[in-house]
Amino acid sequence: MAGAFPASAQTVSPSCDNNGFLSAQQAAESGQVRGDQPVHICGKVVSVAHRARKTRSGVHGYFYVSTGSGVSIRIVTNLDEMNTPPWPWVEKGDQVDVVGRYYYDSPRRQGIDWTHKGTGSRWGLPGYVIVNGTKYE
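Residues numbered from 1 in each chain as written. Predicted model: local features only at pLDDT ≥ 70, side-chain atom pairs only at ≥ 80, totals over all residues. Heavy atoms only, no water.

Chemist: Looking at this structure, I do not really get the overall build of the protein. What am I missing?
Modeler: Check the secondary structure of the protein and you find one helix and eight strands. For the protein, the N- to C-terminal ordering of α and β elements is α-β-β-β-β-β-β-β-β. For a compact globule of 137 residues, the expected C-alpha radius of gyration is about 14 Å, and the protein comes in at 14 Å, within 12% of that figure. Referenced to the eigenvectors of the C-alpha coordinate spread, the extents of the protein come out at roughly 40 × 35 × 30 Å. Residues counted as buried form 41% of the 137 residues belonging to the protein. When the 14 basic and 11 acidic side-chain charges of the protein are each reduced to a single mean position, those positions are 7 Å apart. (Helix = DSSP H or I, 4+ residues; strand = E, 2+ residues; numbered from the N terminus. Rg over C-alpha atoms; globule rule 2.2 N^0.38 Å. Buried < 20%, exposed > 50% of the residue type's maximum accessible area, 1.4 Å probe, protein only. Lys, Arg positive; Asp, Glu negative; His and termini not counted. Charge placed at Lys NZ, Arg CZ, Asp CG, Glu CD.)

Below, the structure is given as C-alpha cells:
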C-alpha cells in the first residue's frame, strides 16, 4: 500500500503536530494516501461520550478534540488496555495531547485509536493521552 507505514517504520513527532495530522487527513480524504498514519495532536476536548462501549476488542471511551481550523477528530481509548480512572476521565474543555493511529475509512468514519502503550503486529507505535498534564497509557 502506498503511504502505509509498516510496524517497524512508525515514528511520530515528539511534540504536537496538528498541521501534520491535518495533512494526513487531507491526503486520506483525497485518496493520495491509503493506510493508517501515526499522529501526535493536541487541542481542547469539545465533546465526550459519557458511556463507554464494549466492542469485540474491549471496552472503549470516546471523545472529540479540536485540532484547529474548524476540524475536530474522534479519539478512541481502549479502557481495557489503559491505566486510567473510571470513564469518563476526560471532560469538555480539557486540554489534551494524543499520540496514536489515524485511521480513515470514510469522511464519517475516521479517528485516532491505539492511544495506549500496547503494540501489535500491524501497529508498532505505543500511544498515549495526556489530559491537563496527566499521562494515560
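Chemist: Sorry if this is basic, but what is going on with the pattern of salt bridges here?
Modeler: Enumeration over the complete set of coordinates arrives at three salt bridges. Residue Asp 36 is joined to Arg 101 by a salt bridge in which the shortest nitrogen-to-oxygen separation is 3.3 Å. Placement of Asp 36 in the loop between helix H1 (18-30) and strand S1 (37-48) and of Arg 101 in strand S5 (residues 95-106) is noted, with a sequence separation of 65 residues between them. For the salt bridge of Arg 109 with Asp 105, the shortest nitrogen-to-oxygen distance reads 3.6 Å. Classification of Arg 109 by relative accessible area gives exposed; the value is 55%. (Salt bridge = Lys/Arg side-chain N within 4 Å of Asp/Glu carboxyl O.)

Chemist: Looking at this structure, how should I read the state of the cysteines?
Modeler: Among covalent bonds in proteins, the disulfide is the one between the sulfur atoms of two cysteines. Enumeration over the complete set of coordinates arrives at one disulfide. The disulfide bridge from Cys 16 ends at Cys 42, spanning 2.0 Å between sulfur atoms. Around the S-S axis, the bridge from Cys 16 to Cys 42 shows a dihedral of about -85 degrees and counts as left-handed. Highlighted residues: Cys 16 in the segment before H1 and Cys 42 in strand S1, separated in sequence by 26 residues. (Disulfide = S-S within 2.5 Å.)

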